[in-house]
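Residue-level structure breakdown
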Amino acid sequence: MTPDISLLRVFHAVMEERNVTAAARRLGQSQSTVSAALARLRVALGDELFLRARYGVEPTEKAFQIAPDIAAGLDRLELAFRAAEPFDPAQSTRRFRLLLGPYAEVVLAPSLAAAFARHAPKAELEIAPIGPDLDPRSLAGQSFDLAIGRFSPPPEDLVVSEIFNDGFRCIVAPEALADDAILDRDLYERLPHVVVAPPGKWRTGLHKLTADTGLRRNTAVLVSHFLTAAPTVARVGGIATVPARIAAMIAEPYGLRDMPVPLNLGTFPTQVAWHPHNRSDARHIWLRDLLNNIALGEKERGRDT
């Protein structure tokens, strides 16, 4: 078989997405075009490559065998072309794809969108949820440019660095606490708590911190997202413990009080992860610099709170 780059790109996209429709969307092609490309690949390679599954497709053993070499070859080709292209963010129409954890999305997405509108108005910014775990293949295979969240332990083969820290605050319904009252430990433990419990590993941080300090929460409601906490606290007349930056964003619009936690729960990091093959890529360097400038602003905000 004489290699056809377009067919290899289709293989790579389907291999990563495990779904023909999603792969077609990612490639900017129709589903029928991608299906036709897969049919050509099956004939050329003498293998089914992908078998129908309940929610998409599953690679065959042959597909698993050839996938690393195809990904590496496409990666080298893309890097070679990128190195030869000048990058002007003001004129770029590139799609930048970022994976963000639930906290990072709330805190950083507005600033990222504003920065793109100002510096790269023709480019497209796509933000997707990172899920409870970061699969390094998403960054190694060019599916996404970088990921922002909390990575413990750091994924192998990725560059991971801390960009800023945040602490914790309480958002409290006004009827639960008089204007001149202090939120002490006894009241904190008695009030009905709205507990934010995102899926998977995201939920472990605050749970571990409160357990380590012996601070109890009288759980009344469990929700899965930070932005659900404020209206729920307002309706049940209770309290929630959330990251300080999020408290500053959501307390006032719902008429809640933004108050310190009775015990010091410390801080937690927000980290960025990316694949080292992007180290010298001009577009990726621009994106990392942009993110670092935004993170610097967040650090300054953290000092003011």
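See the structure shown above.
Everything quoted here is computed from the prediction, not taken from an experiment. (Residues numbered from 1 in each chain as written. Predicted model: local features only at pLDDT ≥ 70, side-chain atom pairs only at ≥ 80, totals over all residues. Heavy atoms only, no water.)

Our focus in this paragraph is the overall build of the chain. In terms of regular secondary structure, the chain is built from 11 helices and 12 strands. By the burial criterion, 45% of the 305 residues in the chain qualify as buried. Of all intrachain contacts in the chain linking residues separated by at least 6 positions in sequence, the fraction that spans at least 24 positions is 77%. For the chain, the accessible area works out to roughly 15600 Å², and carbon and sulfur atoms hold 52% of it. (Helix = DSSP H or I, 4+ residues; strand = E, 2+ residues; numbered from the N terminus. Buried < 20%, exposed > 50% of the residue type's maximum accessible area, 1.4 Å probe, protein only. Contact = heavy atoms within 4.5 Å. Areas by Shrake-Rupley, 256 points an atom, 1.4 Å probe, with all protein chains shown as cover.)

To continue, consider helix H3 (residues 31-45). With 15 residues, H3 extends 21 Å between its outermost C-alpha atoms, agreeing within 8% with the 21 Å of an ideal straight helix rising 1.5 Å per residue. Within H3, burial applies to Val34, Ala37, Leu38 and Leu41. Projected onto a plane normal to the axis of H3, the buried residues spread over an arc of 100 degrees and lie on a single side. Turned more than 90 degrees away from the buried face of H3, the exposed residues are Ser32 and Val43. Looking at the buried residues of H3, the elements they touch are helix H1 (5-17), helix H2 (20-27) and strand E1 (50-53). Downstream of H3 by a residue or two, Gly46 has a phi angle that is positive, lying close to 65 degrees. (Expected span 1.5 Å × (residues − 1). Arc of directions from axis to C-beta.)

Moving on, we get to the sheet that holds strand E3 (residues 95-100). Strand order in the open sheet made by the 5 strands is E4-E3-E5-E12-E6, with mixed pairing throughout. Pairing within the sheet leaves two strands with one partner each, and these edge strands are strand E4 (124-129) and strand E6 (159-166). Averaged over all pairs of adjacent strands, the angle between strand axes in this sheet comes to 25 degrees, irrespective of strand direction. Pairing of E6 with strand E12 (residues 268-274) involves 7 bridges; the strand directions are antiparallel. Bridging across to E12, Glu162 finds its partner in Gln271. (Pairing = 2+ DSSP bridges. Axes fitted to C-alpha atoms, helices over the stretch in contact; angles between N-to-C directions.)

Membership of the largest hydrophobic core comes to 57 residues, with the highest contact counts inside it found for Leu108, Ile148, Ile171, Val172 and Leu183. Considering every element that reaches this core, the biggest residue donor is helix H5 (residues 102-119), with 8 residues. Non-local contacts of Leu108, meaning those with residues more than four positions away in its chain, are made with Ile148, Ile163, Phe164, Leu291, Ile294 and Glu298. Ranked by size, the runner-up nonpolar core spans 22 residues in total, among them Ala24, Ala37, Val57 and Ile66. (Core = buried A, V, L, I, M, F, W, Y, C linked by side-chain atoms within 4.5 Å.)

Attention now moves to the packing of aromatic side chains. A full pass over the atoms with the stated rule returns 9 aromatic pairs. On the numbers, 5.4 Å between centres and 45 degrees between planes, the contact of Phe11 with Phe50 is tilted. With Phe11 in helix H1 and Phe50 in strand E1, the pair connects residues that are 39 residues apart, well separated along the chain. Of the two residues examined, Phe11 and Phe50, each falls in the buried class. Plain terms: the ring middles of Tyr103 and Phe268 are 5.1 Å apart, the flat faces sit at 75 degrees to each other, and that makes the pair edge-to-face. Within this pair, whereas Tyr103 is found in helix H5, its partner Phe268 is found in strand E12, the two being separated by 165 residues in sequence. (Phe/Tyr/Trp six-rings, centres within 6.5 Å; stacked < 30°, edge-to-face > 60°.)

Another aspect to go through is the pattern of salt bridges. Here the structure, examined in full by the defined rule, presents 14 salt bridges. Residue Glu126 is joined to Arg95 by a salt bridge in which the shortest nitrogen-to-oxygen separation is 3.3 Å. Remark: Arg95 occurs in strand E3 and Glu126 occurs in strand E4; sequence separation between them is 31 residues. Relative accessible area serves as the criterion here: at 36%, Arg95 is assigned to the partly exposed category. In this structure, Lys208 and Asp212 form a salt bridge, with 2.9 Å as the shortest nitrogen-oxygen distance. Of this pair, Lys208 and Asp212 both sit in helix H8 (residues 204-213), 4 residues apart, roughly one helical turn. Each of the two residues, Lys208 as well as Asp212, counts as exposed. Linked by salt bridges that have partners in common, Arg95, Arg97, Glu124 and Glu126 make up one network. (Salt bridge = Lys/Arg side-chain N within 4 Å of Asp/Glu carboxyl O.)

In this section: the environment of Arg245. Locating Arg245 in the fold gives a position in helix H10 (residues 244-250). Along the primary structure Arg245 and Val106 are separated by 139 residues, whereas in three dimensions their C-alpha atoms are 9.3 Å apart.

This brings us to H2. What H2 keeps buried is the set Val20, Ala22, Ala23 and Ala24. On its buried side, H2 packs onto H1, H3 and strand E2 (56-59). In this structure Asn19 caps H2, since a side-chain oxygen of it lies 2.9 Å from the backbone nitrogen of Thr21. At the C-terminal side of H2, Gly28 shows a positive phi close to 70 degrees. (Polar contact = N/O pair within 3.5 Å; in protein donor to acceptor, adjacent residues only side chain to side chain.)

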